[in-house]
Amino acid sequence: MATKINKYTKSHELFERAVNVIPSGIYGHQGPAEGLWIPTTSWPFFTKKAKDSYFWDVDGNKFIDYMCGYGPNVLGYCDDDVDAAAMEQAKLENCVTTPSFKMVEMAELMVDTVASADWAFFAKNGNDTTQGAIMCARAYTHKKKIIFVNGFYHGVSPWCQKVDYPGVIPEDVKNNLYVDWNDFDALEKLVNENEGEIAAFISTPYLHGNFADNVLPADGYWQKVRKLCTDKGIVLIVDDVRAGFRLDLAGSDHYYGFEADMICFCKAIANGWNISCLCGKEFLKSAMSSLSYTGSYWMSAVPFAAGIACINKMKALDTPKMFREKGLKLTDGLKKAAEENGFDLVVSGEPSLFYLRIANDDSLFLHQDWIQEMVRRGIYLASHHNHFINASLKDEDINRTLEVADEAFKAVRKNHPECF
């Protein structure tokens with residue numbers, strides 16, 4: 001029996017209302033203008049409720065969700081243990097004139113959990129942590145230049161965007177240097193060409209950008225980068241906002257066998273409660289203390305309580321091991337379904353944070369068509385973003401996903417007979 005094809009009447013009616021009062025209707029990376037929803041008629045725009053690995057849109061359609069709120073859903077939506085801790089804390093205090101003692105408990109837990117951490121500094125968004133890390137590196141080194149890996153994404157501050165982006169001026173990025181991922185020789189050359197001028201090298205633990213296959217670090221790459229930064233007095237920053245706690249609860253730097261000077265966390269800390277964290281080495285603590293850098297809600301108590309519960313539950317479940325096993329079962333099954341239907345599905349990145357691409361043609365059209373056929377049948381994916389595994393994902397969810405994948409591949413073959 002064929003799967004029901006979703007309709008989104010209420011969702012699109014709401015979007016028509018939204019564009020009248022909200023820029024773009026839905027702004028940022030979750031909006032239909034960003035190019036991840038093609039055709040836009042195949043996606044829901046607004047949700048009504050969520051639980052475990054599922055959400056329901058305003059039209060009542062149920063989805064198995066592999067975007068996980070773009071990462072924060074690490075245990076399952078509305079996890080009972082995490083939400084109970086948050087609600088109990090909310091009865092006592094949240095955003096108060098002075099911080100709750102929960103901030104100290106959360107900082108101690110982060111330092112105890114993250115291998116490279118001697119201190120923890122809390123904020124709300126991933127961008128808060130990457131910007132804080134750059135400011136700290138510049139304060140410590142008294143240098144200006146930052147090295148980025150091509151294909152990077154470290155947030156929305158002007159310094160980490162491109163000069164041709166709206167609202168960004170040349171002065172914002174004049175001290176940025178760029179190098180290709182895994183090219184240590186080019187990195188070493190760039191460092192030597194800018195001797196004594198570089199404050200920091202910032203990178204994700206592996207290349208997990210959008211619109212391109214993800215690439216793991218080459219053997220020995222991070223160890224050579226670590227030594228180069230140490231020898232040249234360059235602060236080594238790992239942006240673990242997306243991958244953090246998914247590969248290793250001690251940090252993705254620990255997973256790949258090196259130690260960052262600063263490491264940025266956000267998405268998987270508190271299962272959707274709004275908190276981020278910058279961790280760093282002892283030698284940078286004074287520099288971090290010197291910054292004029294804070295926010296109105298950065299010391300709120302409720303997210304600290306949620307974060308403590310979330311991290312302890314991830315430890316108890318050994319979620320990195322779980323995510324790898326579930327991710328491999330899913331992606332191996334997707335590749336098999338693709339092959340049986342004549343498709344070359346490329347899976348890249350780590351199993352807990354994987355990227356998909358149909359490679360049958362040089363365009364993106366077949367891939368986009370397959371993704372939208374999946375979404376129309378209740379499996380929520382994005383066309384050109386990596387996907388996430390969460391702890392509530394069941395074997396029957398994976399099996400159902402593979403059944404729908406087979407249907408979707410067959411639909412794409414029917415839609416594009418000229419390609420087969």
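Okay, the sheet that holds strand β11 (residues 345-350) next. Read across the sheet, three strands follow the order β11-β12-β14 without closing on themselves; strand pairing throughout is antiparallel. Only two strands of the sheet have a single partner each, and these edge strands are β11 and β14 (387-388). Relative to strand β12 (residues 353-358), β11 is paired through six bridges, and the arrangement is antiparallel. Looking across to β12, one finds that G349 is bridged to F354. On the sheet, helix α11 (residues 319-340) packs against β11 and β12 and is oriented at approximately 165° with respect to β11.

On to the environment of D361, then. Looking at where D361 falls in the secondary structure, it is placed in the loop between β12 and α12 (365-376). Taking the C-alpha atoms as reference points, D361 and G220, 141 residues apart in sequence, are found 34 Å from one another.

A contiguous nonpolar patch, built from V21, I22 and Y27 and spanning about 340 Å² of accessible area, is present on the exposed surface. Looking at where V21 falls in the secondary structure, it is placed in helix α1 (residues 9-21).

So, on to the sheet that holds strand β2 (residues 54-57). Reading across the sheet, the four strands line up as β1-β2-β3-β13 and stay open at both edges, with mixed pairing between neighbours. Of all the strands in the sheet, the pair left with one neighbour each is β1 (47-51) and β13 (379-380). Relative to strand β3 (residues 62-65), β2 runs antiparallel, the two sharing three bridges. Paired with W56 across the strands is K62, a residue of β3.

Right, let's talk about the packing of aromatic side chains for a bit. With the rule as written, the count across this model stands at 24 aromatic pairs. Ring geometry for F245 and F265: centres 4.8 Å apart, planes at 15°, overall stacked. Residue F245 is located in the loop between β8 (235-239) and α8 (252-255), and its partner F265 is located in strand β9 (residues 262-265); the two are separated by 20 residues in the primary sequence. Among the residues examined, F265 registers a relative accessible area of 1% and is labelled buried. Every member of this aromatic cluster is reached through a ring pair, and the members are W181, F201, Y221, W222 and F258. Here the guanidinium or amino end of K49 rests over the ring plane of W56, the centre of that ring lying 4.7 Å away. Positioned above the aromatic ring of Y54, the side-chain terminus of K62 is 4.2 Å from the ring centre.

With that out of the way, let us pick up the nonpolar core. Residues M110, F201, F245 and W370 are the most contacted members of the largest nonpolar core, which totals 103 residues. Tallying contributions element by element places helix α10 (residues 301-317) first for this core, with eight residues. When near neighbours in sequence (up to four residues on either side) are disregarded, M110 contacts A117, A120, F122, F245, F265, C277, C279 and I311. Counting 27 residues, the second-largest nonpolar core is a separate cluster that includes I146, A200, Y293 and W298.

All right, on to unusual backbone geometry then. Here the amide bond leading from I38 into P39 is cis, since omega sits at -5°, within 30 degrees of zero. Along the polypeptide, P39 turns up in the loop between α1 and β1. Even without a glycine there, the phi angle at S24 is positive, about 70°. Note that S24 resides in the loop between α1 and β1.

Under the counting rule described, the total for this entry stands at 23 salt bridges. The closest approach of N and O atoms between E88 and K91, which form a salt bridge, is 2.9 Å. On the criterion of helical spacing, the pair formed by E88 and K91 is a turn pair, its members being three residues apart in helix α2 (residues 80-92). K145 is the salt-bridge partner of E197, the closest N and O atoms lying 3.5 Å from each other. With E197 in the loop between α6 (184-193) and β7 (198-203) and K145 in strand β5 (residues 145-149), the pair connects residues that are 52 residues apart, well separated along the chain. With a relative accessible area of 34%, E197 lands in the partly exposed category. Via salt bridges that share partners, E373, R376, R377 and E407 belong to a single interconnected network.

Next up on the list: a negative patch on the surface. Judged by side-chain charge, D180, D183, D185 and E188 come together as a negatively charged surface patch. By the element assignment, D183 lies in the loop between β6 (176-179) and α6. For D183, a relative accessible area of 31% corresponds to the partly exposed category.

Checked against the element boundaries, D128 lands in helix α4 (residues 126-141). We note that D128 is buried and unpaired, the nearest opposite charge coming from K124 at a distance of 8.3 Å. At 2.8 Å, the side chain of D128 and the backbone nitrogen of N125 are in polar contact. Discounting residues that sit within four places of it in the chain, D128 has contacts with A123, S276, Y293 and W298.

Parameters at a glance
Starting afresh in each chain, residues are numbered from 1 along the sequence in its written order. Given that this is a predicted model, residues contribute local features only at a pLDDT of at least 70 and side-chain atom pairs are listed and counted only at 80 or more, while totals for whole chains, interfaces and linings are drawn from all residues. With hydrogens and water excluded, all non-hydrogen atoms of the structure serve as input to the side-chain values. Strands were regarded as paired on the criterion that DSSP finds at least two bridges between them. Numbering goes from the N terminus for both helices and strands, where a helix is a DSSP run of H or I of at least four residues and a strand is a run of E of at least two. In what follows, residue pairs with any heavy atoms lying within 4.5 Å of each other are defined as contacts. To get an axis, fit a line to the C-alpha atoms, keeping to the stretch in contact for a helix; angles then go from 0 to 180 degrees between the N-to-C directions. Here a patch means residues that are over 30% exposed by relative accessible area and free of salt bridges, tied together within 9 Å if like-charged and within 5 Å if nonpolar (Val, Leu, Ile, Met, Phe, Trp, Tyr). Only the protein chains shown count as cover for residues, with accessible areas throughout obtained via the Shrake-Rupley method and a probe of 1.4 Å. Whenever Lys or Arg places a side-chain nitrogen within 4 Å of a carboxyl oxygen from Asp or Glu, that contact is recorded as a salt bridge. Two rings from Phe, Tyr or Trp (for Trp, the six-membered ring) form a pair when their centres sit within 6.5 Å of each other. Planes less than 30 degrees apart are called stacked, planes more than 60 degrees apart edge-to-face, and all others tilted. Summary of the burial criterion: residues with accessible area below 20% of their type's maximum are buried, those above 50% are exposed, and those between are partly exposed, where the area comes from a 1.4 Å probe applied to protein chains only. Over a ring means this: the NZ of a Lys or the CZ of an Arg is within 6 Å of the ring centre and within 35 degrees of the ring normal. The term nonpolar core refers to a set of buried residues drawn from Ala, Val, Leu, Ile, Met, Phe, Trp, Tyr and Cys, joined through side-chain atoms within 4.5 Å. Positive residues here are Lys and Arg, negative ones are Asp and Glu, while His and the chain termini are left out of the count. Where a charge lies is defined by one atom per residue type: Lys uses NZ, Arg uses CZ, Asp uses CG and Glu uses CD. Polar contacts here mean pairs of N or O atoms no more than 3.5 Å apart (in protein, one a potential hydrogen donor and the other a potential acceptor; neighbouring residues in sequence count only if both atoms are side-chain atoms).

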